[in-house]
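Okay, here's what each chain looks like letter by letter:
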Amino acid sequence: MNPKYQTPRGMSDILPEDWPFFEKILRVVEEIAKFYGFKRIETPILEERALFERGVGLSTDIVQKEMFNLRTKGGDYLSLRPEGTAPVVRAYFQHGFKELPQPVKLWYFGPFFRYERPQAGRKRQFWQFGFEVLGEANPALDAQIIQMCLSVLKELKIENLTLRINSIGNSFCRPYYKKSLVSYLKKRFAGLCPDCKRRLKQNPLRILDCKDERCRQIVSQAPQILDYLCESCKEHFKKVLEILEYLEIPFQLDPYLVRGLDYYTRTVFEIEAKEEVGSLIGGGRYDLLGKIIGREELPAVGAAGGVERIMEVMKSQKISPKKEKWPKIFLAQIGDLAKKEALKLLEEFRKNKILVLESLGKDSLRAQLRLAEKYNIRYVLILGQKEVLEKKIILKDMKTGKQKLLKLKRLIKELKKIK
Ligand code: HAM
């Protein structure tokens, strides 16, 4: 193989040692989703590029810099999905979910793609799980999504979590805030970082969460969106916070939290751990996304979590997913007939959920016993031509050295005792 071949930049193999983390996270997410009545949906990895351009927003970093775009031979413009909310809303309308009892609750778990500069916690292919509640505007749902997200992390035993929350208003009140923010920032244009100079024209709200020290200083004196919310947005946000307080969920009000996607209205939030990998989960309400992608207004709220980031935090907090069960039995075979019979037996074991290790590629008994020893396996089944013909098998206890001859017919029953 050409030694130059490596995974593409910012993408990694999910190695066998990492799968238990993925599986654990998936299991916890699935359990919580099912309990709360969410149904799983998986949308395609590729979508029409315009869905994200409109849905996520033309002026966002995701659309401007981070999309993996391609053109098919048929001339269609597609993109690797950078996020899951716009596709879920697309699916809601495409499949007539409007006719179902509302809200429609959906969850997903899969890979997403953003052409970002790779660094800790930032990859070009990463996995997300997401919860989306579509079709209702009640603030109780915002709080419930937050509660579910925190439950996932708590079930995973992650500690030191911070929930930051804000309201970014809606299409009535946000323009007033934007105007006042832009006028404040224009007066301080020279002090902004080059990125924010560009953002001022295209997406001024993003300047609020710029990490550059110069911008942070300017932003710290800027007008705050909470002072500009209209009555109904104010009322909505008040209710969300009241419910969180009732649930004793601690939160930090962060007037500068705006998030990197244009579709949000009202509630936005992020959950972080103390490890510096970026936010673990982010989400919010997106009542306008249905309209933005050319359909109807659809009140909705949701969130998504980064699986690799959560895995990193688990590793750093020394949380290990449950170890996989290791077989206690090794099946050794000698000779062609025994090899064939072993293949047959293995299927019987699988059907009866008996974990067993084997090494069909080896012919020598010694080599197979050595392997069983190496894997610390106590019981070895030994099958030779004679045993096959007599419909029997040897069971050897490697600890005591004792062995006995079992009838193949009774084997499963005997092994279940060991299991
Ligand atoms: P997001 O904040 O862009 O929101 O991504 C959600 C989570 O995905 C982040 O908190 C982070 O854990 C993970 N993530 C994002 N980008 C990367 C990356 N480059 N490398 C590793 N992990 C990453 C959304 O995607 C929205 N769709 C969430 C949402 C659902 N809002 C409403 N419903």
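Check the entry above for the structure.
A brief look at the structure comes next. Everything numeric here is computed off the predicted structure, so don't read it as measured data.

Examining the environment of Glu-53
(1) Moving on: Within the fold, Glu-53 resides in helix H2 (residues 49-55).
(2) Moving on: Relative accessible area serves as the criterion here: at 28%, Glu-53 is assigned to the partly exposed category.
(3) Moving on: Sequence-distant contacts of Glu-53, that is, excluding residues within four places in its chain, are made with Leu-58, Val-63 and Met-67.

A look at the site of the ligand
(1) Moving on: Near the ligand lie 27 residues; those nearest to it are Glu-83, Glu-116, Lys-123, Glu-132 and Tyr-264.
(2) Moving on: A distance of 2.7 Å separates a nitrogen atom of the ligand from a polar atom in the side chain of Glu-116.
(3) Moving on: Arg-259 places a side-chain nitrogen or oxygen 2.9 Å from an oxygen atom of the ligand.
(4) Moving on: Contact with the protein chains hides 97% of the accessible area of the ligand, taken as 650 Å² for the molecule alone.
(5) Moving on: Class assignment of the residues belonging to the shell around the ligand gives a composition of 10 nonpolar, 9 polar and 8 charged.

A look at the layout of surface pockets
(1) Moving on: In this model, the second largest pocket occupies a volume close to 300 Å³.
(2) Moving on: Residue lining of the second largest pocket: 21 residues in total, with Arg-174, Lys-178, Asn-203, Leu-205 and Asp-262 positioned closest to the centre.
(3) Moving on: Considering only residue class, the lining of the second largest pocket consists of 9 nonpolar, 7 polar and 5 charged.

Quick notes on helix H11 (residues 307-316)
(1) Moving on: Considered for burial, the residues of H11 that qualify are Val-307, Glu-308, Ile-310, Met-311, Val-313 and Met-314.
(2) Moving on: Contact partners of the buried residues in H11: helix H1 (19-35), strand E5 (104-113), strand E6 (125-134), helix H5 (139-155) and strand E11 (300-306).
(3) Moving on: One or two positions beyond H11, positive phi appears at Lys-318, with a value near 55 degrees.

What to know about the pairing of strand E10 (residues 281-285)
(1) Moving on: Within E10, 5 of the 5 residues are buried, which leaves it mostly tucked inside the rest of the structure.
(2) Moving on: Sheet topology places E10 next to E11; 5 bridges connect them, and they run antiparallel. Its bridge partner being in E11, Ile-281 is matched across the sheet by Gly-305.

A few points about empty space enclosed by the protein
(1) Moving on: Here the structure, examined in full by the defined rule, presents 1 cavity of 30 Å³ or more.
(2) Moving on: Put simply, the largest cavity is a space of about 40 Å³.
(3) Moving on: Contributing to the lining of the largest cavity are Ser-59, Thr-60, Asp-61, Arg-198, Arg-199, Asn-203 and Arg-206.
(4) Moving on: Its residues placed into classes, the lining of the largest cavity shows no nonpolar, 3 polar and 4 charged.

Here we look at the side chain of Asp-254
(1) Moving on: When you line up the elements, Asp-254 lands in the loop between strand E8 (252-253) and strand E9 (265-272).
(2) Moving on: A polar atom in the side chain of Asp-254 sits 2.4 Å from the side chain of Arg-164.
(3) Moving on: Apart from the residues within four sequence positions on either side, Asp-254 is in contact with Arg-164, Ile-165 and Asn-166.

Details of the pairing of strand E4 (residues 77-80)
As a general feature of sheets, a regular strand has side chains that alternate between the two faces.
(1) Moving on: Examined bridge by bridge, strand E2 (residues 46-48) and E4 share 3 bridges and lie antiparallel to one another. Following the sheet pairing, Glu-47 is matched in E4 by Ser-79.
(2) Moving on: Relative to E4, strand E3 (residues 69-71) runs antiparallel, the two being bridged by 3 bridges. Paired with Asn-69 across the two strands is Ser-79, which belongs to E4.
(3) Moving on: Remark: 5 residues form the turn of the hairpin made by E3 and E4, two consecutive strands paired antiparallel; Gly-75 in that turn has positive phi of roughly 95 degrees.

Rules used throughout
- Residues numbered from 1 in each chain as written.
- Predicted model: local features only at pLDDT ≥ 70, side-chain atom pairs only at ≥ 80, totals over all residues.
- Heavy atoms only, no water.
- Helix = DSSP H or I, 4+ residues; strand = E, 2+ residues; numbered from the N terminus.
- Buried < 20%, exposed > 50% of the residue type's maximum accessible area, 1.4 Å probe, protein only.
- Contact = heavy atoms within 4.5 Å.
- Near = heavy atom within 4 Å.
- Polar contact = N/O pair within 3.5 Å; in protein donor to acceptor, adjacent residues only side chain to side chain.
- Areas by Shrake-Rupley, 256 points an atom, 1.4 Å probe, with all protein chains shown as cover.
- Nonpolar A, V, L, I, M, F, W, Y, C, P; charged D, E, K, R; others polar.
- 1 Å grid on protein atoms, 1.4 Å probe; cavity = no way out; pocket = protein on both sides within 12 Å on 5 of 7 lines; lining within 4 Å.
- Points joined across faces, edges and corners; volume = space filled by probe spheres on them.
- Pairing = 2+ DSSP bridges.

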